[in-house]
Amino acid sequence: MADATTSEYSIEVNDVSMIFNIASEQLNNLKEYFIKIMRHELFFKPFRALDHVSFKVRRGEVVGLVGTNGSGKSTMLKCIAGVLEPSEGSIEVRGNIAPLIELGAGFDPELTARENIYLNGALLGYTREFIDAHLQEIIDFAELESFMDMPLKNYSSGMVARIAFAIATVTEPDVLIVDETLSVGDVFFQQKCEERIQRFIKSGDVTVLFVSHSTEQVERICQRAIWIEKGVQRMDGPASEVLAAYRAQFG
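Residues numbered from 1 in each chain as written. Predicted model: local features only at pLDDT ≥ 70, side-chain atom pairs only at ≥ 80, totals over all residues. Heavy atoms only, no water.

Under the annotation held in an unreviewed UniProt entry, the protein carries the name ABC transporter ATP-binding protein and is attributed to Candidatus Olsenella pullistercoris. Quoted straight from UniProt, the Sequence similarities (unreviewed entry) entry for the protein says "Belongs to the ABC transporter superfamily." (UniProt positions renumbered as here; feature names shortened; annotations may be inferred.)

This is the structure:
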């Protein structure tokens, strides 16, 4: 991942493939798995979650990734965020990333929400002083002031989503990666999150990669869309054109 800011591109994905090795048979428990391994009876077959995908995203561009379930969209976002290392190809990201990929990742369910704000903030590169200065802003945006000292294990997925989004977007990132975050929680908070994303978009400085099963939401938020199906890049162009082709497969 590159830190340089001289290029017009915030993200460059160059011929990226992601290959997972999947056991050729289903095993019921770990004991069976280790017995098979020790006897050299367990075989794996490669699965290409991404197959030679390439695209570039300019600074300030808003791009939606679309595709059916299991198409490789989330895998692509995880590679860009640095959660996964591509099996083949390379990825360059310029600037700091705010990834909203797996809500709850980087949280400790035994700690309180307040403690998790500091923990997750540290993982995102925020200093304790920065969190101190922005703590009330995070709490206010999440609208969970009465629950700040409750262990996170007692939170619903929607409440965790509120905390995660509030932390990741408390400052304007260079690159914002959003994967289905806005599908969690109540409709009013979804609208509040979308308004914050729109504010970033209007600034012209934030590059946004957005995944949603709602094609209407992608069309509303994104200027451009990339269609990935079964790991293969099918189409890349204006959001309206790509989404029309994507919807046509269900017609």
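Enquirer: Can you walk me through the overall build of the protein in this structure?
Expert: Secondary structure summary: the protein contains 8 helices and 9 strands in total. Counting every position in the protein, which comprises 251 residues, the buried fraction comes to 45%. Sequence-distant contacts, at least 24 apart, represent 71% of the contacts inside the protein between residues at least 6 apart. When the accessible surface of the protein is split by element, carbon and sulfur atoms take 51% of a total near 12700 Å². (Helix = DSSP H or I, 4+ residues; strand = E, 2+ residues; numbered from the N terminus. Buried < 20%, exposed > 50% of the residue type's maximum accessible area, 1.4 Å probe, protein only. Contact = heavy atoms within 4.5 Å. Areas by Shrake-Rupley, 256 points an atom, 1.4 Å probe, with all protein chains shown as cover.)

Enquirer: Is there a simple way to think about the packing of helix 4 (residues 128-142) against helix 5 (residues 157-168) in this case?
Expert: Geometry of a packed helix pair, given as the angle between the helix axes and the separation of the axes. Relative orientation of the contacting elements helix 4 and helix 5 amounts to 140°, with a least axis distance of 9 Å. Viewed along their axes, helix 4 and helix 5 adopt a mutual orientation that is oblique. By crossing handedness, the relation of helix 4 to helix 5 is classed as right-handed. Where helix 4 approaches helix 5, its residues I138, F141 and A142 are matched on the opposing element by R162, I163, F165, A166 and I167. A breakdown of the residues in the contact of helix 4 with helix 5 according to their chemical character gives 7 nonpolar, no polar and 1 charged. (Axes fitted to C-alpha atoms, helices over the stretch in contact; angles between N-to-C directions. Parallel < 35°, antiparallel > 145°, perpendicular 65-115°, else oblique. Left-handed = near helix turned anticlockwise from the far one by under 90°. Nonpolar A, V, L, I, M, F, W, Y, C, P; charged D, E, K, R; others polar.)

Enquirer: Explanation requested: the confidence of the model for the protein in the structure shown.
Expert: Reading predicted coordinates in detail is not appropriate for stretches of low pLDDT. Of the residues in the protein, 86% have a pLDDT of 70 or more, and the chain-wide mean is 86. A low-confidence stretch, residues 1-5 stays under pLDDT 50, and its non-local contacts, those more than four residues away or across chains, total 13 contacts. (pLDDT = per-residue confidence, 0-100.)

Enquirer: Please clarify how the pairing of strand 7 (residues 207-211) should be interpreted in this entry.
Expert: As a general feature of sheets, a regular strand has side chains that alternate between the two faces. For strand 7, a buried count of 5 out of 5 residues is recorded, marking the element as mostly surrounded by other parts of the structure. Judged by which residues are buried, strand 7 turns out to be covered on both faces: T207, L209 and V211 on one side and V208 and F210 on the other are all buried. Where strand 3 (residues 62-66) and strand 7 come together, 4 bridges link them in parallel fashion. Paired with G64 across the two strands is F210, which belongs to strand 7. (Pairing = 2+ DSSP bridges.)

Enquirer: What is the right way to look at the side chain of S212 in this model?
Expert: Relative to the helices and strands, S212 resides in the loop between strand 7 and helix 7 (215-221). Of the residues examined, S212 reaches a relative accessible area of 8% and is grouped as buried. In this structure the side chain of S212 is engaged in a polar contact, spanning 3.0 Å, whose partner is the backbone nitrogen of S214. Only 2.9 Å separates the side chain of S212 from the side chain of Q217, close enough to count as a polar contact. (Polar contact = N/O pair within 3.5 Å; in protein donor to acceptor, adjacent residues only side chain to side chain.)

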